[in-house]
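What the coordinates show
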Amino acid sequence: MAIAESMRTWARRIKRDAVMLWFARRHPDTPLLAKALCIFTVAYALSPIDLIPDFIPVLGYVDDVLLLPSFIWLAVRLLPQHVIQECRAQAEAWMEKEKAKPASYAGAIGIVLIWISVLGLCWWYFYR
């Protein structure tokens, strides 16, 4: 049971840090590169649509297990320590109050546009 508990703790931290990046993207002390990465990561993390759909065997969970935590890790590394502390406190308070994570419809639209672009490029390549 220790493995299951550590996985639950890890998942809670990932969720908290995704919400923390949601607050950090608007913090005045967040550097520009970190803001851009926060916006991308938050849009992807909170999008109801995945870049790689979960029904695709093995690959469907790669973004959930590897890609998203990597983006979150990189964004957190780019943030100043005081921004991390303030925004984590805001995220924990928000999650306690709302009991849910926010949704990013802009992220969903971005994922749909990526898929449309990929399908369009494939169509153009094979049927030109």
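One structure accompanies this document, and this report is about it. Source: prediction; values computed, not measured.

Note on placement: Asp-17 falls in helix H1 (residues 2-24). Judged by its relative accessible area of 10%, Asp-17 falls in the buried class. Leave out the neighbours within four places in its chain, and Asp-17 touches Ile-72 and Arg-88.

Evaluation of the coordinates by the stated rule reveals five aromatic pairs. Ring centres of Trp-22 and Trp-94 lie 5.3 Å apart, and the angle between their planes is 75 degrees; on these two criteria the pair is classed as edge-to-face. With Trp-22 in helix H1 and Trp-94 in helix H4 (residues 81-98), this pair connects stretches of sequence that are 72 residues apart. The class of Trp-22 is partly exposed, set by a relative accessible area of 23%.

This brings us to the nonpolar core. The biggest cluster of nonpolar side chains holds 25 residues, and the ones touching the most others in it are Met-20, Leu-21, Ala-24, Ile-72 and Leu-79. Within the residue set of this core, elements represented by two or more residues are H1, helix H2 (32-45), helix H3 (59-78) and H4. For this core, the element with the most residues is H1, which contributes seven residues. In this structure Ile-72 touches Ile-14, Asp-17, Ala-18, Leu-21 and Thr-41, once residues within four positions along its chain are discounted.

Procedures and definitions
- Residues numbered from 1 in each chain as written.
- Predicted model: local features only at pLDDT ≥ 70, side-chain atom pairs only at ≥ 80, totals over all residues.
- Heavy atoms only, no water.
- Helix = DSSP H or I, 4+ residues; strand = E, 2+ residues; numbered from the N terminus.
- Buried < 20%, exposed > 50% of the residue type's maximum accessible area, 1.4 Å probe, protein only.
- Contact = heavy atoms within 4.5 Å.
- Phe/Tyr/Trp six-rings, centres within 6.5 Å; stacked < 30°, edge-to-face > 60°.
- Core = buried A, V, L, I, M, F, W, Y, C linked by side-chain atoms within 4.5 Å.

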